[in-house]
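# Summary of the model geometry
For reference, the chains in residue letters:
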2 protein chains.
Amino acid sequence: MVEGEEGTIGELTEALDSYRDWLDEDPRRADVTLAVTCELVDGVEVEASVGRRHVVKVDEPRRVGGRGTAPNPVNYALAALGSCAAIGFGYWSDLLEIPFDSVQVHVEGDVDPRGTFGFDDETARGFSSVRVMAQIAGPESPERYEELARTVDAHSPLLELFTGHIPVTTSLELID
Amino acid sequence: MVEGEEGTIGELTEALDSYRDWLDEDPRRADVTLAVTCELVDGVEVEASVGRRHVVKVDEPRRVGGRGTAPNPVNYALAALGSCAAIGFGYWSDLLEIPFDSVQVHVEGDVDPRGTFGFDDETARGFSSVRVMAQIAGPESPERYEELARTVDAHSPLLELFTGHIPVTTSLELID
């Protein structure tokens, strides 16, 4: 729910209510399998077909032999984590009726490339730590935005994926 | 290493050798922090700025109140996982000198949207299981390709992320 944009207020809640009803009509509809096909097209460039509608390009930086045409997989993982939080703010703002003016989520992930590229098998090959930092602006009290942020975190499938075994910190800053 | 494409053979190995030397010159270079900023721009649409060069669009399907203009975060997570495997085949083919003609990685992830959208707090909010299925074509023996696939899996930062707590199966099929 974005304050002041009439016509969008409550729309997400309405959409989710309809979706829930649709799932309830036939609980098998809740068994969703997402499918992505990744084809190595040139060097280390990949075209990932997501469902039937979207194609995502993936590449590596020039320094490691790619052509730098698109983000690499670890960057996409961070983008997925951060966008999941941002989208969560959108939904839960609407559901909890806690409007805001703007929200931005900065994500940082620490990696040591020596693990990933096999230079050193003692080094972890993924993220050693991750920070998710949300900045929100709006008319509600800090307490309400803390409640919103907690609810967002509690429902994020990407946060669940990351917190499986990587130390992840999340924070919320209320800005002007 | 893609067989028959002269000029690409060994290029990735060469790039990684140079990169390793560059890291060794100053080990602090191996402390890499990746940064992504995700802005909620409209409804549940997000623009994710990855480093300074790339912008990734994220959205939700129409059924749940989005506009369906781009994949959603869980689909991006699967695309990251599958592309990480495909790119790994590219690198390790070159490093281990196991050429192939083509490789495709299909990824499937099972999710129950009732968890993610808060319809049912008893339901897991992320993937309940994930399958990564690679198909490879090329002149080498099945044993060599199995070796290649094992090495790819052992170095994938995204596979490490997923296998933290989600059951993930990986498979390799040699095709004509």
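Residues numbered from 1 in each chain as written. Chains lettered and ligands numbered in written order. Predicted model: local features only at pLDDT ≥ 70, side-chain atom pairs only at ≥ 80, totals over all residues. Heavy atoms only, no water.

## Points about the overall build of chain A
The number of helices and strands found in chain A is five helices and six strands. For chain A, the α and β elements follow one another from N to C terminus as α-β-β-β-α-β-α-β-α-α-β. Along the first, second and third principal axes, the C-alpha set of chain A runs to 50 × 40 × 30 Å. At a minimum sequence separation of 6, the contacts of chain A that also span at least 24 residues come to 56%. Total accessible area computed for chain A in this model is approximately 7900 Å², and 45% of it derives from carbon and sulfur atoms. Of the side chains in chain A, 14 bear a positive and 34 a negative charge, and the two mean positions are spaced by 9 Å. (Helix = DSSP H or I, 4+ residues; strand = E, 2+ residues; numbered from the N terminus. Contact = heavy atoms within 4.5 Å. Areas by Shrake-Rupley, 256 points an atom, 1.4 Å probe, with all protein chains shown as cover. Lys, Arg positive; Asp, Glu negative; His and termini not counted. Charge placed at Lys NZ, Arg CZ, Asp CG, Glu CD.)

## A look at the pairing of strand β2 (residues 45-50) of chain A
Residues and elements named next belong to chain A. Here six bridges tie strand β1 (residues 32-42) to β2, and the two strands are oriented antiparallel to one another. Its bridge partner being in β2, V36 is matched across the sheet by V50. Linking two consecutive strands that pair antiparallel, namely β1 and β2, is a turn of two residues; a positive phi of about 60° is found at G43 within it. Where β2 and strand β3 (residues 54-58) come together, five bridges link them in antiparallel fashion. Note on β3: the bridge partner recorded for S49 is V55. Linking β2 back to β3 in an antiparallel pair, the connection comprises three residues, with G51 at a positive phi of about 60°. (Pairing = 2+ DSSP bridges.)

## Here we look at helix α1 (residues 11-25) of chain B
Quick reminder: α-helices carry 3.6 residues per turn. Residues three or four places apart thus point the same way. Helix length check: α1 of chain B, at 15 residues, gives a terminal C-alpha distance of 21 Å against a target of 21 Å (1.5 Å per residue), a fit within 8%. Regarding α1 of chain B, the residues found buried are L12, T13, A15, L16, Y19 and L23 of chain B. Seen along its axis, α1 of chain B keeps its buried residues to an arc of 160°; they face one direction. Across from the buried face of α1 of chain B, at angles greater than 90 degrees, the exposed residues are E14, D24 and E25 of chain B. Among the structural elements, α3 (113-116) of chain A together with α2 (73-96) of chain B are those in contact with the buried residues of α1 of chain B. (Expected span 1.5 Å × (residues − 1). Buried < 20%, exposed > 50% of the residue type's maximum accessible area, 1.4 Å probe, protein only. Arc of directions from axis to C-beta.)

## Quick word on the sheet that holds strand β1 (residues 32-42) of chain B
In space, the six strands of this open sheet follow the order β6(A)-β5(A)-β4(A)-β1(B)-β2(B)-β3(B), with mixed pairing throughout. Strands at the two margins of the open sheet, each flanked by one partner only, are β6 (168-174) of chain A together with β3 (54-58) of chain B. Neighbouring strand axes in the sheet, compared pairwise and without regard to direction, differ in orientation by 20° on average. By the bridge criterion, eight bridges tie strand β4 (residues 102-111) of chain A to β1 of chain B in an arrangement that is antiparallel. By the bridge assignment, V105 of chain A is partnered in β1 of chain B with C38 of chain B. In this fold helix α4 (residues 142-155) of chain A packs onto β5 (127-137) and β6 of chain A, with an angle of close to 150° to the strand it touches most, β6 of chain A. (Axes fitted to C-alpha atoms, helices over the stretch in contact; angles between N-to-C directions.)

## Points about the packing of helix α2 (residues 73-96) of chain A against α4 of chain A
Residues and elements named next belong to chain A. Remark: α2 packs on α4, axes separated minimally by 9 Å, with the N-to-C direction vectors making an angle of 120°. In terms of orientation, α2 and α4 fall into the oblique class. By crossing handedness, the relation of α2 to α4 is classed as right-handed. Seen from α2, the contacting residues are A85, G88, F89, W92, S93 and L96; seen from α4, they are R144, E147, L148, A149, T151, V152 and H155. Split into classes, the residues belonging to the contact of α2 with α4 amount to seven nonpolar, four polar and two charged. (Parallel < 35°, antiparallel > 145°, perpendicular 65-115°, else oblique. Left-handed = near helix turned anticlockwise from the far one by under 90°. Nonpolar A, V, L, I, M, F, W, Y, C, P; charged D, E, K, R; others polar.)

## What about the side chain of N72 of chain A?
Residue and element names in this part refer to chain A. With respect to the helices and strands, N72 occurs in the loop between β3 and α2. Residue N72 is classed as buried on the basis of its relative accessible area, which comes to 10%. A distance of 3.1 Å separates the side chain of N72 from the backbone nitrogen of N75, its partner in a polar contact. Setting aside its immediate chain neighbours within four residues, N72 contacts V58, D59, E60 and P61. (Polar contact = N/O pair within 3.5 Å; in protein donor to acceptor, adjacent residues only side chain to side chain.)

## Focus on the sheet that holds β3 of chain A
Spatially, six strands are ordered β3(A)-β2(A)-β1(A)-β4(B)-β5(B)-β6(B) in an open sheet, and the strand pairing comes out mixed. Only two strands of the sheet have a single neighbouring strand rather than two, namely β3 of chain A together with β6 (168-174) of chain B. Across the sheet, the mean angle separating the axes of adjacent strands is 20° when strand polarity is ignored. Packed onto the sheet, α2 of chain B meets β1, β2 and β3 of chain A together with β4 (102-111), β5 (127-137) and β6 of chain B and runs at close to 35° relative to β1 of chain A.

## Observations regarding the packing of aromatic side chains
Counted by the stated rule, this structure contains 13 aromatic pairs over all chains. Residues Y19 of chain A and W22 of chain A carry aromatic rings whose centres are separated by 6.0 Å and whose planes lie at 15° to one another, so their mutual orientation is stacked. Here the residue Y19 of chain A and the residue W22 of chain A both occupy positions in helix α1 (residues 11-25), the gap between them amounting to three residues, near one helical turn. With a relative accessible area of 9%, Y19 of chain A lands in the buried category. Overall, W22 of chain A belongs to the partly exposed group, its relative accessible area being 27%. Consider the rings of Y91 of chain A and F117 of chain B, whose centres lie 5.4 Å apart with planes at 80°: the pair is edge-to-face. Placement of Y91 of chain A in helix α2 and of F117 of chain B in the loop between α3 (113-116) and β5 is noted, with the two residues assigned to different chains. Grouped by ring-pair contacts, the aromatic residues Y19, W22 and Y91 of chain A together with F117 and F119 of chain B constitute a single cluster. Seen from the ring of W22 of chain B, R63 of chain A lies directly overhead, with NZ or CZ sitting 3.8 Å from the centre. (Phe/Tyr/Trp six-rings, centres within 6.5 Å; stacked < 30°, edge-to-face > 60°. Lys NZ or Arg CZ within 6 Å of the ring centre and 35° of its normal.)

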